[in-house]
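Each chain, written out:
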Amino acid sequence: MAAEKRWVIEVEHLTVSYQARPALLDVSVRIEGDQLVGVIGPNGAGKSTFIKAILGFVKPDIGSVRINGRDARTVKGEVAYVPQRGTVDWDFPITVEEVAVMGRYQQIPWYRSPTAVDREAAREALAMVRMEDLSHRQIGELSGGQQQRVFMARALAQGSDILLLDEPFAGVDAATERAILDVLERAKQAGKTLVVVHHDLSTAAEYFDKLILIKQRLYAYGPPGTVLREDLLSKVYEGRLRIFSSVIDQEGA
Amino acid sequence: MLYDLFILPLTEPYFQKALIGGCIVAIVAGVVGCLVVLRRMAFLGDALSHAMIAGVAGGYLVMKLLFGLEAHAPGMLLGSLLAAIATVALISFVARISRVKEDTAIGIMYTGIFALGVVVVSIFRHYIHIDLMHFIMGDILGVADTDLWVSAFAGAFVLSLLILFFRHFQLATFDPVMAASIGLPVLLLDYLLTTCVSLVVVSAVSMVGVILVVGLLITPAATAYLLSDRLDRMMWLAALFGTTSIIGGLYLCVWLDSAGGGAIMLFCTLQFLVVLTVAPKYGLLARWLRLRSLIPQQVVEDILTTILRYDRPTPLSIIRTYVESGKGLQRALSRMVRDNLLEASEDGYRLTAAGRQEADKVLRAHRLWEAYLATIGTPAREVHSTAHQLEHLGGEAVEYLDEKLGQPKVGPHGNPIP
């Protein structure tokens, strides 16, 4: 029993299809708590379906996803989601603080307004990502990295132990990438489990404790050294990328 | 005189009713319109209003044939609601199961159902007495008491829903994925909002007509959108702009003796244009001022290299000869002094240490580009001017050239590369 408790996300024999096309095929993986997990794989590999499955949005053809031991489709709010930057309407009339307060919406009953406690929690979350000074800005006025951090704050304010991030490093410069990574690290130290969709293989080994390599089916799950192997990568990417050798060299060194 | 213009209309009952009915409708339409604008469903309002005529005709017909009631208002209202909901269902059905995209599906369905309504009304013209013109143009100055009551109830219902579930609508509009992940019934909220829009449209059509009702829904909201960074404030402002449109439009209509609906929407649109021009943050004027105060990087870099090449305090006249920039030059110079790139003295401008560093960077880029251009066979007389254009390219360009050319120390004209 005690051993089972360690798995925060358990995916078992998960098969999901869209109109007879399998998006995920017999994926089984168990993710332990308190770590930074990267999900890698080529475009169309089912990474976002995998994320949706953990959020409990997709109905599996067969198999199950369990969050802290309970079915992902019935538990609500145990997993916080940080959307991809491109999917957010940055012209929406909303301030940084309001986005963070949204993290508390689940705890607030429908007949009540957000209280001082909720706002305080939101401010704490903003402080954790070092965004408290910009709390009254409209979100479109922020830089790419700041925008990412606001949504991190919202996820932290939700109080969930599991955070899902969809390509947080897409389209930001190196310094910003560092700043975001720093926030991820601190969230991990605060006892969160982070599952991050990532596309840059050259930084994957450095950033993550464990990697999940998928392309419809699961090719590997484990520490970067065991996942970033030439035979696996060439199978998954079909020789489309030539930079592997350098990635693997770094890993081997 | 002023009394005649402003107070006299207020003493007329038709004007009072128009004012009350119009304001109720405009406030609710403005508030709902905010969500419509943010969800980009403006076209839906149009579709709903056109579909209504079929519903009104259907409701009229059923009430008349089954119960013998002439022009039964609640029956017609119910009919229009059903027609509206049917239209929305048909639109999403067609968009989902066929390759036809949503905007096309909306266009097909609303014209189709509108046509159905027109045909039904004209076939049964001996049974049902619906004035198509009234329907299309609306008649705010002839608002009946029942219309007032209908819009008051519909408005109260919609407003209370939106106030009670403000956060839910906000989140479902802003981030449906998160809304679903914390267990909000996103689909139900969508339907609820569509019902609210239908209710507003139904209660507004008798006043401003089928064609203009969508304007009442989205124009005040869009006006407010230009002025607010928070949804609640946007809703307040939209309600305010809706009200001012009604008041302004009604006076306009009385003074000019024009059609009521037209005057209201004209006023509403003018109001939008004014705000679009002068809005402090998102207005055209503000944008223009921002762009004007922006100093092109190219001008800054040209000033730096000009002074660097001149190699002693450079008077304004010299800079003016070498730097192509219209009136902005003086502003650029004072900005650069403020940014501590230049020092102004009596005999001209001098580079500071930081300015010198920046200037070296640009000069280096220029000479590297010259070297590169020489190697690819650019005619000698074009080398300088082309390099002058290319030196402003940012990113990795310069380092790439440096590497490709084998880190040269001198340029093609024998000038050292810093």
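Preceding this section is the structure that the text describes.
This text gives an overview of the structure that appears in the document. (Residues numbered from 1 in each chain as written. Chains lettered and ligands numbered in written order. Predicted model: local features only at pLDDT ≥ 70, side-chain atom pairs only at ≥ 80, totals over all residues. Heavy atoms only, no water.)

Details of the pairing of strand β6 (residues 79-82) of chain A
All names here are of chain A. Judged by which residues are buried, β6 turns out to be covered on both faces: V79 and Y81 on one side and A80 and V82 on the other are all buried. Note that β6 and strand β7 (residues 162-166) share four bridges and pair parallel. Along β7, the bridge assignment pairs V79 with I162. (Buried < 20%, exposed > 50% of the residue type's maximum accessible area, 1.4 Å probe, protein only. Helix = DSSP H or I, 4+ residues; strand = E, 2+ residues; numbered from the N terminus. Pairing = 2+ DSSP bridges.)

Here's the deal with the sheet that holds strand β1 (residues 7-18) of chain A
The strands that make up a sheet are held in pairs by hydrogen bonds between backbone atoms, and each pair lies either parallel or antiparallel. Residue and element names in this part refer to chain A. Pairing within the open sheet is antiparallel, and its four strands lie in the order β2-β1-β4-β5. A single partner strand is all that each edge strand has here, and the edge strands are β2 (21-32) and β5 (70-71). Relative to β5, strand β4 (residues 62-67) is paired through two bridges, and the arrangement is antiparallel. If you follow R66 over to β5, its bridge partner there is D71. Sheet strands touched by helix α1 (residues 47-55): β1, β2 and β4. Its angle to β1, the strand with the most contacts, is close to 120 degrees. (Contact = heavy atoms within 4.5 Å. Axes fitted to C-alpha atoms, helices over the stretch in contact; angles between N-to-C directions.)

Describing the pairing of strand β2 (residues 348-351) of chain B
Residue and element names in this part refer to chain B. Bridge count for strand β1 (residues 342-345) against β2 is four bridges, and the pairing is antiparallel. Of the residues in β2, the one forming a bridge with A344 is Y349. Where β1 folds back onto β2 in an antiparallel hairpin, the turn is made up of two residues.

Looking at the interface of chain A and chain B
Taken together, the contact pairs 32 residues of chain A with 26 residues of chain B. Viewed at the interface, chain B and chain A are joined by four salt bridges. Across the pair R154 of chain A and D175 of chain B runs a salt bridge whose closest N-O atoms are separated by 2.6 Å. Where chain A meets chain B, there are 10 residue pairs in polar contact (both at pLDDT 80 or more). Those elements giving two or more residues to the side of chain A that touches chain B turn out to be β6, α2 (96-102) and α4 (144-157) of chain A. Looking at the side of chain A that touches chain B element by element, the count peaks at three residues for α2 of chain A. (Salt bridge = Lys/Arg side-chain N within 4 Å of Asp/Glu carboxyl O. Polar contact = N/O pair within 3.5 Å; in protein donor to acceptor, adjacent residues only side chain to side chain.)

Observations concerning the sheet that holds β6 of chain A
Residues and elements named next belong to chain A. Strands sit in the order β6-β7-β8-β3-β9-β10 across an open sheet of six strands; the sheet is mixed. The open sheet is flanked by β6 and β10 (217-222), the only strands paired with a single partner. Geometrically, the sheet is characterised by an average inter-axis angle of 15 degrees between neighbouring strands, direction not taken into account. As defined by bridge partners, β7 adjoins strand β8 (residues 193-197) across five bridges and the pair is classed as parallel. Of the residues in β8, the one forming a bridge with L165 is V196. Across the sheet, α1 is in contact with β3 (36-40), β6, β7, β8 and β9 (210-215); its angle to β6 comes to roughly 145 degrees. Along the sheet, helix α5 (residues 174-189) contacts β3, β7 and β8; its crossing angle with β8, the most-contacted strand, is approximately 150 degrees.

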